[in-house]
Amino acid sequence: MGLTNPFKVSYTLYAIFPIIGLIISFYFVPFPFITTFQIKLPYYSISTPLMVNTSSNSSGKIEYANENSCDYSIGKWVRDERGPLYNGTSKYCKMKKNQNCIANGRPNTEYLYWRWKPNDDCNLARFDPSTFLQLIRNRHVAFVGDSVARNQIESLICMLGSNNDDDSSKPKRLYHKGSRKWNILSHNANLSFYWSPFLVRGDMRSQKGPHYNTIYLDHVNERWARDLDEMDMIVISLGHWFDVPSIYYVGGSISSCLKLPQLGYCNHHVNDFYDPLRQALRVALNTIIEAKATKGDKLNVIVRTYSPSHFEGEWNKGGTCLKDKPYEDGEKKVEGMDAEIRRIEMEEVEIAKEKAKEFGGLIRLEIMDVTKLALLRPDGHPGPYMNPFPFASKIVQNDCVHWCLPGPIDTWNEILLEIMKKLVLHSKAE
């Protein structure tokens, strides 16, 4: 793009960030809670198909690849000396401090110089903020899930903040009860994140409370479901909070328990969480389809597949992720729990597509398959640099679940943009 790379400078520039960080108390929680705000602003949803206004685009048009030409889920990471769109220091780039790896002192920045190259001579375009903004004009795009979903939307906010337009085109934080919300004034567009790690109703285990999750598999989480009328596109994901001790409820009664053999009042113990995860995802998708389609509203639903962690060892027993480059293509395979969660997500989206057909195509569902490309990036996590001066303590904690910003997770938003272009093609064909 002809810009000077913001990361190939002396590390002295970032020395002041850890100093500032000394005044803040940090502690490790793998999936932190989300602050709930007390003021709900009105939103006027426009439930029409995605339409593109190209008048503000610098090139005057949006380039669309053939929708069947690219499978973005398979490929390899290749070197890209351009580096990322942003450096985390802009006032328009707000992220959780635990993911600001450079400000926390990470010395190796090689993880910033890779791009995802899909197979079959397919090209994944560099993220263009102007195009994304055109596609969300007059719409509300919601992300629903756990802190990895929050990680993705914060990446998106930073990428959108990198455009060269005036301030009105930058995401501005709003106060909204139940979610984190941003508005782009120039395009009358809203982005939001709803904390809902199970998608259905549930209480997470905590250090101060029960040491197990309580999950109601037949009741969708109202935190996000009550705002469905406002949403024009929803990106949902789940997975990381399921592989812990849990009690599952169906119909108001305990149906089964996971990893809780000591509970005498649980008559049915399960060996894994795959069926409960499947049930939760199905309830969420069915709720979305029925709530929107019965009102005659259109909605685009994107299910983002599971993002593997890279702990070498257990996360709470000193596990680390110290690799400094991506795995080579073929060096690492999607298998075990990662493969099973992905398989369930793919199957449930296909089932939901069949259900959506009953409503005449009002609801469109797509998969954003990032499992393999995420698996190949063990170098992209904060690791010990989730806090400033991590080695000053006798106990060094690592984060091998979330992603540095900037980092590999930015690629997810490039793929999201391509999916949105595909959805526009569908709308134009109707």
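This report concerns the structure included in the present document. Every value quoted in this text rests on a predicted model; they were computed, and no experiment measured them. (Residues numbered from 1 in each chain as written. Predicted model: local features only at pLDDT ≥ 70, side-chain atom pairs only at ≥ 80, totals over all residues. Heavy atoms only, no water.)

## Concerning the packing of aromatic side chains
With the rule as written, the count across this model stands at 8 aromatic pairs. The interplanar angle of 70° and the centroid separation of 6.3 Å between the aromatic rings of W403 and W412 together place this pair among those described as edge-to-face. Each of the two residues, W403 as well as W412, counts as buried. Clustering of aromatic rings is evident, with ring pairs tying together F198, F242, F273 and Y274. In this arrangement the basic side chain of R106 is found over the ring face of Y111, its NZ or CZ atom lying 3.8 Å from the centre. (Phe/Tyr/Trp six-rings, centres within 6.5 Å; stacked < 30°, edge-to-face > 60°. Buried < 20%, exposed > 50% of the residue type's maximum accessible area, 1.4 Å probe, protein only. Lys NZ or Arg CZ within 6 Å of the ring centre and 35° of its normal.)

## Some remarks on the pairing of strand 10 (residues 246-250)
For strand 10, the tally of buried residues reaches 4 of 5 residues, placing the bulk of the element in the interior. Judged from the 4 bridges that link them, strand 8 (residues 213-220) and strand 10 form a sheet pairing that is parallel. Directly across from I215, in strand 10, lies its bridge partner Y248. By the bridge criterion, 5 bridges tie strand 10 to strand 11 (residues 253-258) in an arrangement that is antiparallel. If you follow I247 over to strand 11, its bridge partner there is C257. Counted along the chain from strand 10 to the antiparallel partner strand 11, the turn is 2 residues long, and its residue G251 has a positive phi close to 65°. (Helix = DSSP H or I, 4+ residues; strand = E, 2+ residues; numbered from the N terminus. Pairing = 2+ DSSP bridges.)

## Quick look at the pairing of strand 8
Taken together, the 4 bridges between strand 7 (residues 200-203) and strand 8 define a ladder with antiparallel strand orientation. Within strand 8, the residue paired with R201 across the bridge is Y216.

## Considerations on the sheet that holds strand 13 (residues 299-304)
Spatial ordering of the open sheet is given by 4-5-6-3-9-13-14, a layout of 7 strands whose pairing is mixed. Unpaired on one side and paired on the other, strand 4 (172-174) and strand 14 (363-368) mark the two borders of the sheet. When the angles between neighbouring strand axes are averaged without regard to direction, this sheet yields 20°. One ladder, built from 4 bridges, connects strand 9 (residues 233-236) with strand 13; its direction is parallel. Paired with V235 across the bridge in strand 13 is I302. Against the sheet, helix 3 (residues 147-160) makes contact with strand 3 (140-145), strand 5 (180-184), strand 6 (189-195), strand 13 and strand 14, and its axis sits at roughly 155° relative to strand 6, the strand it touches most. Across the sheet, helix 6 (residues 336-357) is in contact with strand 13 and strand 14; its angle to strand 14 comes to roughly 165°. (Axes fitted to C-alpha atoms, helices over the stretch in contact; angles between N-to-C directions. Contact = heavy atoms within 4.5 Å.)

## Some remarks on the pattern of salt bridges
This structure, assessed with the given rule, holds 23 salt bridges. Ionic pairing is found between E312 and K323, a salt bridge with its closest N-O pair at 3.8 Å. With a gap of 11 residues between them, E312 in the loop between strand 13 and helix 6 and K323 in the loop between strand 13 and helix 6 connect regions that are remote in the sequence. Given a relative accessible area of 47%, E312 falls into the partly exposed group. Judged by its relative accessible area of 35%, K323 falls in the partly exposed class. Across the salt bridge formed by R342 and D369, the nearest N and O atoms sit 2.6 Å from each other. With R342 in helix 6 and D369 in the loop between strand 14 and helix 7 (371-375), this pair connects stretches of sequence that are 27 residues apart. Here the residues in one salt-bridge network are R278, R282, E340, R343, E347 and E348, joined through shared partners. (Salt bridge = Lys/Arg side-chain N within 4 Å of Asp/Glu carboxyl O.)

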